[in-house]
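Remarks on the overall topology
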Amino acid sequence: PFTGTCVSECPNNSTLQTYADTNPDVNLCVYGCPTGFYKQTVGTNSTCVSTCQTNYLIDYVNLICVQTCPSGSYAYNNGSCLLACPNGFFANPIM
């Protein structure tokens with residue numbers, strides 16, 4: 001739980017939200033990333049990012065950065081995972 005104190009690591013199941021784009025001195029522990037941000041986990045560290053790292057996709061279902069799309073979703077050429085392909089595109093599922 002959040003305690004209103006300064007901590008060296010965020011509590012379990014929470015994510016570090018940094019505001020590097022607007023205020024690099026502000027860092028908060030959050031349980032969910034704000035609108036427009038996605039949870040990016042590298043090793044044991046998780047942060048909320050507005051853009052996933054290179055070679056990662058945005059999973060719009062779970063709002064996280066992933067290296068492969070979860071089962072039932074499809075990678076799209078804009079770097080995202082979608083539940084359904086847009087008009088003019090067709091799903092090519094892994095068999």
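Residues numbered from 1 in each chain as written. Predicted model: local features only at pLDDT ≥ 70, side-chain atom pairs only at ≥ 80, totals over all residues. Heavy atoms only, no water.

**Re the packing of aromatic side chains**
The condition is simple: Two aromatic rings, drawn from Phe, Tyr or Trp (for Trp, its six-membered ring), form a pair once their centres lie within 6.5 Å of each other, and the interplanar angle then sorts them: stacked below 30 degrees, edge-to-face above 60, tilted otherwise. Runs of H or I in DSSP of at least four residues are treated as helices and runs of E of at least two as strands, each being numbered from the N terminus. Relative accessibility thresholds used throughout: buried, under 20% of the residue-type maximum; exposed, over 50%; partly exposed, between the two (1.4 Å probe, protein chains only).
Taken as a whole and judged by the stated rule, the model has 2 aromatic pairs. Seen in terms of ring centroids, Tyr38 and Tyr60 are 5.9 Å apart; in terms of plane orientation they differ by 90 degrees. Their pairing is edge-to-face. Here Tyr38, found in strand S3 (residues 38-42), pairs with Tyr60, found in the loop between strand S5 (57-59) and strand S6 (64-66); they are 22 residues apart in sequence, far enough to count as distant. Taking relative accessible area as the criterion, Tyr38 reaches 11% and is therefore assigned buried. Taking relative accessible area as the criterion, Tyr60 reaches 40% and is therefore assigned partly exposed. Between Tyr76 and Phe89, the aromatic rings sit 5.2 Å apart at their centres with planes inclined by 90 degrees, giving edge-to-face as the arrangement. Linking Tyr76 in strand S7 (residues 74-76) with Phe89 in the segment after strand S8 (80-82), this pair joins segments that are 13 residues apart in sequence. Assessed through its relative accessible area of 22%, Tyr76 is described here as partly exposed.

**A closer look at the nonpolar core**
The criterion, for reference: The set of buried Ala, Val, Leu, Ile, Met, Phe, Trp, Tyr and Cys residues whose side-chain atoms join them within 4.5 Å is what this entry labels a nonpolar core. Should any heavy atoms of two residues lie within 4.5 Å, those residues are counted as being in contact.
Among the nonpolar cores identified, the biggest contains 5 residues, and these are Tyr38, Val49, Cys52, Ile58 and Cys65. Excluding residues within four positions of it along the chain, Val49 makes contact with Gly36, Phe37, Tyr38, Gln40 and Cys65.

**A look at the pairing of strand S4 (residues 45-49)**
Just so we agree on the cut-off: Whether two strands pair comes down to DSSP finding at least two bridges between them.
In this sheet, S4 lies alongside S3 in antiparallel orientation, the contact comprising 5 bridges. Its bridge partner being in S4, Thr41 is matched across the sheet by Ser46. The hairpin formed by S3 and S4 contains 2 residues between the paired strands, and Gly43 there has a positive phi angle of roughly 65 degrees.

Remember that the coordinates give geometry; whether it matters functionally is a separate question.
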